[in-house]
Amino acid sequence: MRELIKIKESMREIYGKYSAFIDPMLKFILSMVTYGLINAAIGNMSILKNPLIMVLFALINALLPANAIIVFASAFSVLHIYSESVFAAAIVFAAFMLMYLLYFRFSPNDAIIVLLTPISFALHIPYAIPVCAGIGGNIFSCISVAAGVFSWYLVNYCSTVKIDFAESDVESLATSLRSFIEGLVVNKTMLLVLISFVVTTIVVSLVKRFRFNHSRDIAVVGGAVLNMLIIMIGRGVMRLNISILNLFIGTVVAVPIALLLNFFIFAVDYAKTENLEFEDDEYYYYVKAVPKLTSDRFNDD
């Protein structure tokens, strides 16, 4: 524990000194990974797959706020789809606009969650996202999680479906459009994962605020179990092909990831909690003081 605290303090000290360089570097890396995932899934426009173009846009993103990566990534996706079908690109563009209107209205500071959610799916650790978002964000972070889930399934759907709106007959074109939209929106697996992730994020963000000891740790473990139960129940009810083994392993992996995140943002020593009482002319105050874990406290002990 002492070594982890020293690492945490060292990281904070380093970030405090070099944040002006670290932030752009992290945004550059995140941009490159995001563009790489999009190009691998729906790389229809060859110019956007050019490494020089990816590096150029990643460098631009490194100098802009993190939300710019979301905008550029959406534009990449729409342009790739546009090269195959104008109608499909228009539908995807409308879907992105609707999704990001909600995102920018309620949780504009959670760009990292939106971007890391598809990456977590690609790395096969998606079940860590709702727990980490709840422990590191707030109740509105569920919107960012939902945006990330929708983005992942949208890009994957466009990478697997055959987009063909070349029919000259109006009725055939309308049928193709309806089929594409239904496949994009009425995806039972996506709906189940989206509902589960949103509920889990909300529950974790609420439970962590309770005043009893270790409420944040309980929120992490309880949230991970809740997410697994919702998906398991939904899997049976909706008859979906979701691997129980992958779900269990993903949940087991999610817990230490979220606990580690919680440690770096909220490390306290509950054993030395103090309940204080004082007053002024108008009020009595009852305060629960929980000291932070620092390397100095170990030295004092």
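Being a predicted model, the structure only gives us computed values, none of them experimental.

1. Some words on the state of the cysteines
Turning to step 1, where the next piece is worked out: As enumerated under the stated definition, the model contains zero disulfides in all.
Turning to step 2, where the next piece is worked out: Sulfur of Cys132: no disulfide; nearest cysteine sulfur belongs to Cys142 and is 16 Å away.
Turning to step 3, where the next piece is worked out: Judged by relative accessible area, which is 16%, Cys132 ranks as buried.

2. Quick word on the side chain of Ser215
Turning to step 1, where the next piece is worked out: Take Ser215: it is sitting in helix α10 (residues 215-238).
Turning to step 2, where the next piece is worked out: Residue classification places Ser215 among the buried positions, given a relative accessible area of 3%.
Turning to step 3, where the next piece is worked out: Only 3.2 Å separates the side chain of Ser215 from the backbone oxygen of Lys208, close enough to count as a polar contact.

3. Structural notes on a negative patch on the surface
Turning to step 1, where the next piece is worked out: A cluster of acidic side chains, namely Glu277, Glu279, Asp280, Asp281 and Glu282, defines a negative patch on the protein surface.
Turning to step 2, where the next piece is worked out: Its location among the elements puts Glu277 in strand β1 (residues 274-279).

4. Structural notes on the packing of aromatic side chains
Turning to step 1, where the next piece is worked out: Under the counting rule described, the total for this entry stands at 16 aromatic pairs.
Turning to step 2, where the next piece is worked out: Among the aromatic residues, those joined into a cluster by ring pairs are Phe121, Tyr127, Trp152, Tyr153 and Phe197.
Turning to step 3, where the next piece is worked out: Over the ring of Phe106 we find Arg105; its NZ or CZ atom is 5.0 Å from the centre of that ring.

5. Brief notes about unusual backbone geometry
Excluding glycine, residues mostly carry a negative phi; peptide bonds, for their part, are mostly trans.
Turning to step 1, where the next piece is worked out: Not every positive phi belongs to a glycine, and His124 is a case in point at roughly 65°.
Turning to step 2, where the next piece is worked out: Position of His124 among the secondary structure elements: in the loop between α5 (111-122) and α6 (128-136).
Turning to step 3, where the next piece is worked out: By relative accessible area, His124 is classed as exposed at 65%.
Turning to step 4, where the next piece is worked out: We note that Arg239 has phi near 55°; this positive angle belongs to a residue other than glycine.
Turning to step 5, where the next piece is worked out: On the secondary structure map, Arg239 appears in the loop between α10 and α11 (244-265).
Turning to step 6, where the next piece is worked out: We classify Arg239 as exposed; its relative accessible area is 76%.

6. Considering the packing of α5 against helix α7 (residues 141-160)
Turning to step 1, where the next piece is worked out: Contact pair α5 / α7: the axes reach a minimum separation of 8 Å and the direction vectors enclose 45°. Classified by the angle their axes make, α5 and α7 are oblique. Taken as a pair, α5 and α7 cross one another with a handedness that is right-handed. For the pair formed by α5 and α7, the contact residues are Ile113, Val114, Thr117, Pro118, Phe121 and Ala122 on the first element and Ser141, Ser144, Val145, Ala147, Gly148, Val149, Trp152 and Tyr153 on the second.
Turning to step 2, where the next piece is worked out: Among the residues making up the contact of α5 with α7, the classes are represented as 10 nonpolar, four polar and no charged.

7. Let's talk about the environment of Val92
Turning to step 1, where the next piece is worked out: Considering the arrangement of structural elements, one finds Val92 in helix α4 (residues 86-106).
Turning to step 2, where the next piece is worked out: Separated by 28 residues in sequence, Val92 and Leu64 place their C-alpha atoms 24 Å apart.

8. Here's the deal with helix α1 (residues 2-42)
Turning to step 1, where the next piece is worked out: Between the first and last C-alpha of α1 there are merely 46 Å, a value that for 41 residues lags more than 12% behind the 60 Å anticipated at 1.5 Å per step.
Turning to step 2, where the next piece is worked out: Its axis deflected by about 95° at Tyr18, α1 carries its strongest bend there.
Turning to step 3, where the next piece is worked out: Of all the residues in α1, the buried ones are Ile5, Lys8, Ile22, Lys27, Leu30, Ser31, Thr34, Tyr35, Ile38, Asn39 and Ile42.

9. Looking at the pairing of β1
Turning to step 1, where the next piece is worked out: Of all six residues in β1, zero are buried; the element is thus mostly exposed.
Turning to step 2, where the next piece is worked out: By the bridge criterion, six bridges tie β1 to strand β2 (residues 284-289) in an arrangement that is antiparallel. Within β2, the position partnered with Leu276 by the bridge is Val287.
Turning to step 3, where the next piece is worked out: Taking the residues between adjacent antiparallel strands as the criterion, β1 and β2 are bridged by four residues.

Reading the values: the criteria
- Throughout this description, residue numbers start from 1 for each chain and increase along the sequence as written.
- Confidence filtering applies because this is a predicted model: local features only for residues at pLDDT of at least 70, side-chain atom pairs given and counted only at 80 or more, and all residues used for totals across whole chains, interfaces and linings.
- The side-chain numbers reported here are obtained from all heavy atoms of the structure, hydrogens and water having been left aside.
- Disulfides are defined as cysteine sulfur pairs within 2.5 Å.
- Only protein chains enter the accessibility calculation, which uses a 1.4 Å probe; a residue whose area is less than 20% of its type maximum is buried, one above 50% is exposed, and one in between is partly exposed.
- Secondary structure elements follow DSSP: runs of H or I of four or more residues count as helices, runs of E of two or more count as strands, with numbering from the N terminus.
- Distance and chemistry together define a polar contact, namely a pair of N or O atoms within 3.5 Å, with one atom able to donate a hydrogen and the other to accept it when in protein, and with adjacent residues in sequence counting only for side-chain atoms on both sides.
- Residues enter a patch when their relative accessible area is above 30% and they make no salt bridge; the linking distance is 9 Å between like charges and 5 Å between nonpolar side chains (Val, Leu, Ile, Met, Phe, Trp, Tyr).
- For accessible areas, the Shrake-Rupley method is used with a probe of radius 1.4 Å. Any residue's cover is judged against the shown protein chains and nothing else.
- By convention in these notes, a salt bridge is any Lys or Arg side-chain nitrogen within 4 Å of a carboxyl oxygen on Asp or Glu.
- In this tally, Lys and Arg are treated as positive and Asp and Glu as negative; His is ignored, and so are the chain termini.
- The atom standing in for a charge is NZ when the residue is Lys, CZ when it is Arg, CG when it is Asp and CD when it is Glu.
- Any two rings among Phe, Tyr and Trp, with Trp reduced to its six-membered ring, count as a pair given centres within 6.5 Å; such a pair is stacked if its planes are under 30 degrees apart, edge-to-face if over 60, and tilted if neither.
- The criterion is that NZ of a Lys, or CZ of an Arg, lies within 6 Å of the ring centre and within 35 degrees of the ring normal, and then a charge sits over that ring.
- Axes, fitted as lines to C-alpha atoms, cover a helix only where it is in contact. Angles between the N-to-C directions of the axes lie from 0 to 180 degrees.
- Here roughly perpendicular refers to angles of 65 to 115 degrees, roughly parallel to angles under 35, roughly antiparallel to angles over 145, and oblique to all remaining angles.
- Take the far helix as your reference; a near helix turned counterclockwise from it by less than a right angle gives a left-handed crossing, and one turned clockwise gives a right-handed crossing.
- The contact criterion used is simple: two residues touch if any of their non-hydrogen atoms lie within 4.5 Å.
- Three classes are used, and their members are as follows: Ala, Val, Leu, Ile, Met, Phe, Trp, Tyr, Cys and Pro are nonpolar, Asp, Glu, Lys and Arg are charged, and the others, Gly among them, are polar.
- Given the number of residues in a helix, its expected span is that number minus one, multiplied by 1.5 Å.
- The quantity called bend is, for any residue, the angle between two axes fitted respectively to the seven residues ending at it and the seven beginning at it.
- By this definition, two strands are paired if DSSP reports at least two bridges between them.

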